[in-house]
Amino acid sequence: MSEFTILMPCLNEAATVARCVRKAREFLERAAIGGEVLVADNGSSDGSQALAAAAGARVIGVAERGYGAALRAGIEAARGRYIIMGDADESYDFSRLGAFVEKLRQGYPLVMGNRFKGGIARGAMPALHRYFGNPLLSFIGRLLFRVRVSDFHCGLRGFERAAVRRLELSTKGMEFASELVVKAALAGWRIAEVPTTLAPDGRDRPPHLRSWRDGWRHLRFLLLFSPRWLFVYPGLALLALGIVLTSALYFAPLKFRGIGLDIHSMLYASAAALLGLQLCLFGLFARVFAQNAGLLPRHRGLERFLGAVTLERGLAAGLLLLLCGFAWSAAALWEWGEAGFGALEPRVVMRHTIPAATLMVGGMELMLAAFLLSLLRWKTDSI
């Protein structure tokens, strides 16, 4: 096994791949590094494979299409202990990889390039990406996963091959860039960042990247890997707001800056509470599923919570809410009978029926959730 592999995904890069390979090989020779240049070709039809091989690269064919698929195959085929990956379009300078080598040798399992610190040449990055897309997605990534990476989507990065294989990366498309950083952060890795320059690519065709499509795929990936922010936190906010407002309106109408809130607002507040409960439960399901599938690491606090929440306890809690709501409804029905089952004042009776119905529905949700959670934990629980 050699020390370094410089890995380049490739799809119809005939105009640039040979120069990228030569620069990478010259860097290895100049730095006296034992290594190889590996091109993971994703089905090029322009002769990129032969050009890369002639320039001194080892070329492998990857049948499964996609940026992530090509890189995953390249990682599996690499012979180096460390891998430095970058696009084969001449946007990154493979002759200047010394900072990556230094940080990897210092023990950082992941080293990210930072184009905003290193310099972005005129025309190298569209204004939409430079001033909106990349900063926004990088901010969201830092917020959701508490990772200190300023350029989440820089394509030039280095990592320890064995460590990355343990992450079990699975995405096929451009979101592979986010998956690598997110899973590294969740695994508690130390991540270094080094300045990297970005030049206009040398291709004679449009780039594979599609701004809105691939931007959405990155954002979707970040959200799906953070069920707390996507489900739990919004759910808790809605649940708390709904409970507080429903409770306040039960006793009397409210006025806020000249706006009157009464039973109609109470109905919407109860609906918000139920939606909040559903979001919290869905966030719990998503987290348990992700842990079981190996997508997210296990969380000690969640494991303790799950250990306390058995099927029987979940059913008991749900049944208690259901019975409370049923008893409240029975009391309202009794009052209606006392009035001869005639017309009632809505502002009076609805103050009882709305929270009663909410409790019954919430109780049923908890009971069903207890069954679903038990199914999700079938392999780890004795049910």
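Residues numbered from 1 in each chain as written. Predicted model: local features only at pLDDT ≥ 70, side-chain atom pairs only at ≥ 80, totals over all residues. Heavy atoms only, no water.

Caption draft 1: Spatial organisation of the overall build of the protein chain. Scanning the protein chain from terminus to terminus reveals 14 helices and 9 strands. The C-alpha radius of gyration of the protein chain comes to 28 Å, more than 25% above the 21 Å expected for a compact globule of 383 residues. Its C-alpha atoms give the protein chain principal-axis dimensions of roughly 95 × 55 × 40 Å. Across the 383 residues that make up the protein chain, the buried fraction comes to 43%. About 19,700 Å² of surface is accessible on the protein chain, with carbon and sulfur atoms providing 62% of the total. The protein chain carries 45 positive and 31 negative side-chain charges, and their two centres are separated by 4 Å. (Helix = DSSP H or I, 4+ residues; strand = E, 2+ residues; numbered from the N terminus. Rg over C-alpha atoms; globule rule 2.2 N^0.38 Å. Buried < 20%, exposed > 50% of the residue type's maximum accessible area, 1.4 Å probe, protein only. Areas by Shrake-Rupley, 256 points an atom, 1.4 Å probe, with all protein chains shown as cover. Lys, Arg positive; Asp, Glu negative; His and termini not counted. Charge placed at Lys NZ, Arg CZ, Asp CG, Glu CD.)

Caption draft 2: Region of interest: the pairing of strand 2 (residues 35-41). Where burial is concerned, most of strand 2 is hidden: 6 out of the 7 residues are buried. Note: strand 1 (residues 2-10) against strand 2, 7 bridges, orientation parallel. Bridge pairing in strand 2 links Met8 to Val39. Bridge count for strand 2 against strand 3 (residues 58-61) is 4 bridges, and the pairing is parallel. Each residue of the ladder has a partner; that of Asp41, found in strand 3, is Gly61. (Pairing = 2+ DSSP bridges.)

Caption draft 3: Quick peek at helix 4 (residues 98-105). Taken residue by residue, helix 4 has Phe100, Val101 and Leu104 as its buried positions. Down the axis of helix 4, the buried side of the element spans an arc of 100°, and every buried residue falls inside it. The elements touched by buried residues of helix 4 are strand 1, helix 1 (17-30), strand 4 (80-85), strand 5 (110-114), strand 6 (157-160) and strand 7 (191-195). Downstream of helix 4 by one or two residues, Gly107 has phi in the positive range, about 110°. (Arc of directions from axis to C-beta. Contact = heavy atoms within 4.5 Å.)

Caption draft 4: Structural context of unusual backbone geometry. One non-glycine residue with positive phi stands out, namely Ala32, at about 55°. Of note, Ala32 is situated in the loop between helix 1 and strand 2. In this structure, Glu90 is a non-glycine residue whose phi angle is positive, near 70°.

Caption draft 5: Summary view of the pattern of salt bridges. For the structure on display, the rule yields 11 salt bridges. Bridged by salt links that share partners, the residues Arg19, Lys23 and Glu90 form one connected network. (Salt bridge = Lys/Arg side-chain N within 4 Å of Asp/Glu carboxyl O.)

Caption draft 6: Inspection of the packing of helix 10 (residues 227-251) against helix 11 (residues 263-292) at higher detail. Contact pair helix 10 / helix 11: the axes reach a minimum separation of 7 Å and the direction vectors enclose 150°. When the axes of helix 10 and helix 11 are compared, the pair comes out roughly antiparallel. Helix 10 and helix 11 meet at a crossing whose hand is left-handed. A class-by-class count of the residues in the contact of helix 10 with helix 11 yields 21 nonpolar, 7 polar and 1 charged. (Axes fitted to C-alpha atoms, helices over the stretch in contact; angles between N-to-C directions. Parallel < 35°, antiparallel > 145°, perpendicular 65-115°, else oblique. Left-handed = near helix turned anticlockwise from the far one by under 90°. Nonpolar A, V, L, I, M, F, W, Y, C, P; charged D, E, K, R; others polar.)

Caption draft 7: Spotlight on a nonpolar patch on the surface. On the surface, Leu128, Phe132, Leu136, Phe139, Leu143, Trp229, Tyr233 and Leu236 cluster together to form a nonpolar patch covering roughly 710 Å² of accessible area. Sorting the residues of the nonpolar patch by element identifies helix 6 (127-145) and helix 10 as the ones contributing at least two each. Here the nonpolar patch gets 5 residues from one element, more than from any other, and that element is helix 6. Within the secondary structure, Leu236 sits in helix 10. (Patch = residues over 30% accessible without salt bridge, like charges linked within 9 Å, V, L, I, M, F, W, Y side chains within 5 Å.)

Caption draft 8: Focus on the environment of Arg165. Within the secondary structure, Arg165 sits in helix 7 (residues 161-166). Residue classification places Arg165 among the partly exposed residues on the basis of a relative accessible area of 41%. Put simply, Arg165 and Met1 are 164 residues apart on the chain and 16 Å apart in space, counted from C-alpha to C-alpha. Discounting residues that sit within four places of it in the chain, Arg165 has contacts with Ile75 and Glu76.

Caption draft 9: Representation of the packing of aromatic side chains within the structure. As enumerated under the stated definition, the model contains 5 aromatic pairs in all. With centroids separated by 5.2 Å and ring planes inclined at 35°, the aromatic side chains of Phe4 and Tyr82 adopt a geometry described as tilted. In this pair, Phe4 is assigned in strand 1 and Tyr82 in strand 4, connecting sequence segments 78 residues apart. With a relative accessible area of 1%, Phe4 lands in the buried category. Taken together, Tyr250, Phe251 and Trp328 form an aromatic cluster joined through their ring pairs. Arg190 extends its terminal NZ or CZ atom over the ring of Tyr108, reaching a point 4.2 Å from the ring centre. (Phe/Tyr/Trp six-rings, centres within 6.5 Å; stacked < 30°, edge-to-face > 60°. Lys NZ or Arg CZ within 6 Å of the ring centre and 35° of its normal.)

Caption draft 10: Region of interest: the nonpolar core. In terms of nonpolar packing, the biggest core is built from 38 residues, with Leu7, Leu110, Phe159, Trp189, Ile191 and Leu222 touching the most fellow members. Tallying contributions element by element places helix 8 (residues 176-186) first for this core, with 5 residues. Excluding residues within four positions of it along the chain, Leu222 makes contact with Leu137, Ile140, Gly141, Leu144, Phe145, Phe152, Ser178 and Val182. In this structure, Val17, Val21, Met125 and Cys154 belong to the second largest nonpolar core, which totals 36 residues. (Core = buried A, V, L, I, M, F, W, Y, C linked by side-chain atoms within 4.5 Å.)

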